[in-house]
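# Working through the structure, step by step
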Amino acid sequence: MDETTARPRPDAWYAPLSEQERWECYEKAVRLGVTAVIPWVEKTHGIAVSRSAFYRFVDWMRPQQSAHRLEQAVIAREEARGLAVAAGAKKEIADAFVAMGSEIALRTGDASAASDWIKMAAQLVAAAQKDREIDLRAEAQKLDREKFEAAQRREDAAKAAVKDEKLSEEEKMEKLREIYGI
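Calculation rules
- Residues numbered from 1 in each chain as written.
- Predicted model: local features only at pLDDT ≥ 70, side-chain atom pairs only at ≥ 80, totals over all residues.
- Heavy atoms only, no water.
- Helix = DSSP H or I, 4+ residues; strand = E, 2+ residues; numbered from the N terminus.
- Buried < 20%, exposed > 50% of the residue type's maximum accessible area, 1.4 Å probe, protein only.
- Contact = heavy atoms within 4.5 Å.
- Arc of directions from axis to C-beta.
- 1 Å grid on protein atoms, 1.4 Å probe; cavity = no way out; pocket = protein on both sides within 12 Å on 5 of 7 lines; lining within 4 Å.
- Points joined across faces, edges and corners; volume = space filled by probe spheres on them.
- Nonpolar A, V, L, I, M, F, W, Y, C, P; charged D, E, K, R; others polar.
- Patch = residues over 30% accessible without salt bridge, like charges linked within 9 Å, V, L, I, M, F, W, Y side chains within 5 Å.
- Areas by Shrake-Rupley, 256 points an atom, 1.4 Å probe, with all protein chains shown as cover.
- Salt bridge = Lys/Arg side-chain N within 4 Å of Asp/Glu carboxyl O.
- Lys, Arg positive; Asp, Glu negative; His and termini not counted.
- Charge placed at Lys NZ, Arg CZ, Asp CG, Glu CD.
- Phe/Tyr/Trp six-rings, centres within 6.5 Å; stacked < 30°, edge-to-face > 60°.
- Lys NZ or Arg CZ within 6 Å of the ring centre and 35° of its normal.
- Core = buried A, V, L, I, M, F, W, Y, C linked by side-chain atoms within 4.5 Å.
- Expected span 1.5 Å × (residues − 1).

## Regarding the overall build of the protein
Looking only at helices and strands, one finds eight helices and zero strands in the protein. Seen in sequence order, the protein has helices and strands lined up from the N terminus as α-α-α-α-α-α-α-α. Each of the 182 residues in the protein was classed as buried or not, and the buried ones make up 29%. At a minimum sequence separation of 6, the contacts of the protein that also span at least 24 residues come to 59%.

## What about helix 4 (residues 51-61)?
When helix 4 is considered as a whole, its buried residues turn out to be Ala53, Phe54, Phe57, Val58, Trp60 and Met61. One face of helix 4 carries all of its buried residues, which in axial projection span an arc of 160°.

## Looking at the layout of surface pockets
Its boundaries defined by the atoms lining it, the second largest pocket holds a volume of some 160 Å³. Taken together, Arg9, Asp11, Ala12, Trp13, Tyr14, Ala53, Arg56 and Trp60 make up the lining of the second largest pocket. Residue composition of the lining of the second largest pocket, grouped by class: five nonpolar, no polar and three charged.

## As for a negative patch on the surface
On the surface, Asp131, Asp135, Glu139 and Glu146 cluster together to form a negatively charged patch. Secondary-structure assignment places Asp131 in helix 7 (residues 111-163).

## Focus on the packing of aromatic side chains
All chains considered together, the criterion is met by seven aromatic pairs. Here the aromatic rings of Trp13 and Tyr14 are separated by 5.4 Å at their centres, their planes lie at 90°, and the arrangement is edge-to-face. Of the two residues, Trp13 and Tyr14, neither departs from the other in class, the shared state being buried. Among the aromatic side chains, those forming a connected cluster through ring pairs are Trp13, Tyr14, Phe54, Phe57 and Trp60. Over the aromatic face of Trp40 sits the side chain of Lys28, whose NZ or CZ is 4.8 Å from the ring centroid.

## Points about the pattern of salt bridges
Taken as a whole, this structure holds six salt bridges when the rule is applied. Notably, a salt bridge pairs Arg62 with Asp59, separated by 3.1 Å at the nearest N-O pair. Where Glu155 meets Lys159, a salt bridge forms, and the shortest distance between an N and an O atom there is 3.3 Å. Taken together, the residues Glu155 and Lys159, both in helix 7 and four residues apart, mark about one turn of the helix.

## Quick look at the nonpolar core
Ranked by internal contacts, the top residues of the largest apolar core, which has 20 residues, are Trp13, Tyr14, Val41, Val49, Phe54, Phe57 and Val58. Every element with two or more residues in this core is listed here: helix 2 (19-32), helix 3 (34-45) and helix 4. Ignoring anything within four residues of it in the chain, the contact list for Tyr14 reads Pro8, Arg22, Phe57 and Trp60.

## Here we look at helix 3
Between its first and last C-alpha atoms helix 3 spans 16 Å; for 12 residues at 1.5 Å apiece the expected length is 16 Å, and the two agree. Turning to helix 3, its buried residues are Val34, Val37, Ile38 and Val41. Along the long axis of helix 3, the arc covered by the buried residues comes to 115°, so they all point the same way. The inward-facing, buried residues of helix 3 abut helix 2 and helix 4. Where helix 3 ends, the next residue or the one after it, Gly46, has phi of about 65°, a positive value.

Without other data, these values stay purely geometric and don't point to any function.
Structure follows, in structure tokens:
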């Protein structure tokens, strides 16, 4: 599509709207129908629109829809990649974010909607990673405690063997070797 067809006519009702606002109007018209969107446009943007003018707007936007969706998918993909890297996600998770962002943007035509979903997914992954780290630390503490208790039991057994007057010095040494695994 060349640049002249992408620009609205200066006298068109939608000319003062930003590109994002035009796409919002178009997407609502596609989803809800023109007659439902006209009152919303008048209320939101303060622009009186006839049905025929709105239909011309939809006809003007329709050929641009594919390019817009692809553009939004690229934006979402790049943002997903950035969020995944920032979250410290592994390559598989980063690839999943990228795929999810691209899919949402292609379905909705809105990179910001994809971005919201991707941010939520990144937060969930970060929370899961944090939970995993907490679990690993708890497991390490548990192992350290078990080692300490085992060492304490060996020390108590060694003290008892040294104090045992029934054992000869050789038997005490043998008992200590057995306790400490020497």
